[in-house]
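Examining the three-dimensional arrangement
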Amino acid sequence: MADHAAVPEGHHGEDVHHTSFWRKYIFSTDHKVIGIQYGITALLFLLFGFSLVMLMRWQLAYPGEPVPLIGWLFTDDTMPGGIMLPEFYNQLGAMHGTIMVFLGIVPLAVGAFGNYIVPLQIGAPDMAFPKLNMASYWAFFVGGVIMLGSFFVPAGAAKAGWTSYAPLSVIESMGQTMWLLGMVFLITSSLLGAVNFLTTIVQLRAEGMTFMRMPFFVWAQFITSFLLLLAFPPLEAAAFLQLSDRLLDTSFFMPSGLVVSGEVVDVAGGGSPLLWQHLFWFLAHPEVYVLVLPAMGIVAEIIANNSRKPLRGYKAMVYSLIFLGFMSFIVWAHHMFITGMGQAMSVFFQTTTMIISIPSVIILTALFLSLWGGSIRFTTPMLFALGFLPMFGIGGLTGLPLGLAPTDIPLHDTYYVIGHFHYVVAPGTILALMAGIYYWFPKMTGRTMNDTLGKIHFWGTIVSMNFIFFPMLIQGMAGVSRRLYDGGEIYAHAQDVIVYNEVMSIASWVLFVFQIPFIVNLLISLKKGKAATDNHWDATTIEWSAAPSPPVGHGNFHDLPQVYRDPYEYSHPDHDEDYWPQNAPPAEASED
Amino acid sequence: MQIPFTVAPRPDTGVNNAKIGVWLFLASEVMLFGGLFSAYIFLRIGAPEWPGEIGGHMYERASDILNVPLATLNTIILIGSSVTMVMSWASLAMKRFDRYRLYMGATIALGFAFLIVKAFEYGEKFSHGYLPAENNFLAIYFVLTGLHGLHVIGGIIVNMYFMWPGARMWKTDPKRFTNRIEIAGLYWHFVDLVWIFLFPTIYLL
Amino acid sequence: MSEHSVEEIKKHVRVYMLVFGSLAVLTAVTVVVGYLELPFVPALIVALLIATVKAGLVAAYFMHLVSEEQVIRSLVWLSLGLLLVMFLLFSVYYVDQIGLMIFGF
Ligand code: HEM
Ligand SMILES: [Cu+2]
């Protein structure tokens, strides 16, 4: 009897401990824990996606030579004797793009920062639907596992590029089916997230937090969520259609009489490869703004905080953001100028593309002008934020020639395009995300990251990134195609610019080396970093001024804050301190 | 800590969280079906004939190959189920739980009736060898009606949950339960709405 | 829709029945027009017109959009607007590509 009772009791005690651990850290519904889960997963995926491209860069710099040091790790159907097969090169390329965009940047920018910061910045106890939030993370996780798993199916992962253009993608091996399934999960995750963010921002703003008092970061997440909500479903539809083409032998994307390896493909035909491109880019153009808007939001927070001035033209920035959101739905065919579209459509999409660059320029200019006359603190996050500005500028400017058909036609599908979007996404968005990590790390952990390591990280990163991406623009203008397995070795017109391949490759490995101080810094500061005060950066926004660092468990605030003023009241003439928190009652000011 | 506005509406927006949530979800659903309808438009404009050649026979009209009477029946069934659905909500609003049960039961039954008719229709196609791979008309027919059918199944599952296990909430929190039925209803009406467009575009044009 | 008196709901119920009747009639009209075998363009216009009216009735009354709050209505307009833009651009793109003239281009 005693024996009988003892066992379940001990068991029971363990069980309680067990559930609480699982509920607290794994299947948590607290937006802060989910945000950190997203953050860790996304950083790991970024590292993985980066590793894929470091391998590719070896092949581009030294085509056909065995990969040193790690070449022997690979199987015979990927890199026999350490020499990369073309099929494997294609897998790496397709998966690099997919992983960076859908499993790295979006989850970090929206899933991690959005989740952690948005409820805190608007004064909400949590997201509106905590369980959906958890479901969103786990759908993302499953999507990620499927994508990774696709490397291990027969003939490997998807090989048709991150854009999965038909008909190539339809006749591809099984990896493509995995890609589509993975995308369905990732899309579901994003949709759940978008519904949650929008509801939270509309419904759970604290008292006094009107729309025009929301920090710019929240605005950026708000518009981003709309883009995710309304642009992703057509891609989901497209994924269903492609799945049907692959599994049920339908011909949505298969033209009549398609010949592969000298044989006519045995399908009914009558479909349209262009249909895929339309549905894909209907999502993917808004998606590029999903990649960059949260970054702009982060940069705006950090610039206001470190220049100790209100943002110049906050309203203009917000209206630009809204306009940009609308416009991003009607520019997609600028990715398709060489598909033989008619004059009217070409003119239409060129015009809308030129128009959409105006709000981007307004936002960028406002951020630059916000620096004017500020007493700038060159903290590590500020360095990264400042780095974002010119890098995004180059990215945006190189986009303009691509937006006009006459200049796009020779540049399309060359390294110039690769250079363009990497300038926006890598030295642009990724720098901003790094800035966000350094900026909000004290909020999340109550500790600060090391400044010296941070500065080494910054300078190493921005310099090596420019050595990677600037030569791409040059190669592209010389006409080097973006899809070459040997980096252009056999093309006469590429000979003058082929030397850059080695430069870019070495720079990419140097970039990796400069991420080591960051990783070390992140891990060590978790335990050993200097303790931070609650409002470490003397900030005005309420995630800093109303909540302790780290915020109290489930619920964030001791009492829900009340908001009295605009988000960036730095150096206000009516206030003694150089920052006037949104939640500080007005009476406090007149007292002293 | 409690999340605000889960039941009571927020004063300045006038709605509660779930209401906004479900409408946002429906907006994304609009774009999902919108994407498929766009695909339909694109394929159809590009096709020399529609429905075209199926099984060695040239068809000029969709109604020659699809079963319009069955689809009409299904339209009526689905519209009817929308009425019973809205009545089940109205019954709760009038505090008549017994009638709620009745109407919700009818909604579920009509949902199943729709699926049975659909299964019959699919079976007829399959038995003639009219598979999705046959031509693009059949392909888009199967994908669109199939995805719609999945939405019906999802709706039935939600409704069954609120018919049985979920209905316990009526005792503890009647107001929230009434809200939930309204939300479930919004989804169900949306599924009806999609069919209202599917029916003429696929079967009649 | 927040609080309702029983009286109000009873009024609603009468409206629901009327809507049901109209939907049934409109469905019949659609099918009859379908059997008339009109040429494509008039058939398209009639079918879409009727479908839009039906959908409008469902959305307005069953989904309570007539008395719904502004946030929700704006959201509905936003997604419908986007949907129309998508349809329009997809169809015009193709028509333009296969060489028909649009607006003189
Ligand atoms: C600001 C003005 C911008 C303009 C005018 C612009 C224009 C363009 C155009 C026309 C293309 C297609 C080039 C081609 O394939 O021939 C393109 C490609 C691309 N852009 Fe931009 N862009 C801009 C900003 C951005 C931003 C902010 C991002 C992302 C954060 C971005 C990401 C991309 C990506 C990912 C691609 C290439 C996709 C691929 O083909 O794989 N762009 N851009
Ligand atoms: Cu674009």
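The structure reproduced in this document is the subject of the present report. (Residues numbered from 1 in each chain as written. Chains lettered and ligands numbered in written order. Predicted model: local features only at pLDDT ≥ 70, side-chain atom pairs only at ≥ 80, totals over all residues. Heavy atoms only, no water.)

**Description of the overall build of chain B**
Scanning chain B for helices and strands turns up seven helices and two strands. Secondary structure elements in chain B, listed N-terminal to C-terminal, are α-β-β-α-α-α-α-α-α. Expressed along its principal axes, the backbone C-alpha trace of chain B runs to roughly 65 × 35 × 25 Å. Looking at the 205 residues of chain B, the share that counts as buried comes to 62%. In chain B, 74% of the contacts between residues at least 6 apart in sequence involve partners at least 24 apart. Taking the average location of the 15 positive side-chain charges in chain B and that of its 13 negative ones, the two points are 19 Å from each other. (Helix = DSSP H or I, 4+ residues; strand = E, 2+ residues; numbered from the N terminus. Buried < 20%, exposed > 50% of the residue type's maximum accessible area, 1.4 Å probe, protein only. Contact = heavy atoms within 4.5 Å. Lys, Arg positive; Asp, Glu negative; His and termini not counted. Charge placed at Lys NZ, Arg CZ, Asp CG, Glu CD.)

**Side note on the interface of chain A and chain B**
On the chain B side, the residues contacting the 43 residues of chain A number 34 residues. Where chain A abuts chain B, roughly 2,900 Å² becomes buried across the two surfaces, and 76% of that area is made up of carbon and sulfur atoms. Of all residues in chain A, A:Gln203, A:Phe252 and A:Leu275 give up the largest surface area on contact with chain B, accounting jointly for 20% of the area buried on that side. Remark: the boundary between chain A and chain B carries zero salt bridges. Between chain A and chain B we count seven residue pairs in polar contact (both at pLDDT 80 or more) in total. Sorting the residues of the side of chain A that touches chain B by element identifies α6 (175-203), α7 (216-247) and α8 (273-307) of chain A as the ones contributing at least two each. Examining the composition of the side of chain A that touches chain B, we find that nine residues originate from one element, α7(A), more than from any other. (Buried area = accessible area lost by both parts, 1.4 Å probe. Salt bridge = Lys/Arg side-chain N within 4 Å of Asp/Glu carboxyl O. Polar contact = N/O pair within 3.5 Å; in protein donor to acceptor, adjacent residues only side chain to side chain.)

**Focus: the coordination of the iron atom of ligand 1**
All names here are of chain A. Coordination of the iron atom of ligand 1 by the protein involves just one donor, His420 (NE2), at a distance of 2.1 Å. Here the iron atom of ligand 1 and the copper ion (ligand 2) are spaced 4.6 Å apart. Relative to the helices and strands, His420 resides in helix α13 (residues 415-445). (Donors = N, O, S within 2.8 Å, 3.2 Å for Na, K, Ca; no water.)

**Considering the interface of chain B and chain C**
Between chain B and chain C, the residue contacts involve 49 residues of the former and 49 residues of the latter. Taken together, both faces of the contact between chain B and chain C bury some 4,500 Å²; the carbon and sulfur share is 82%. On the chain B side of the interface with chain C, the three residues burying the most area are B:Trp23, B:Phe42 and B:Leu205, jointly 14% of the side's total. If you look at where chain B meets chain C, you find two salt bridges. A salt bridge links B:Lys19 to C:Glu68; the nearest nitrogen and oxygen atoms lie 2.8 Å apart. Where chain B touches chain C, the interface holds two residue pairs in polar contact (both at pLDDT 80 or more).

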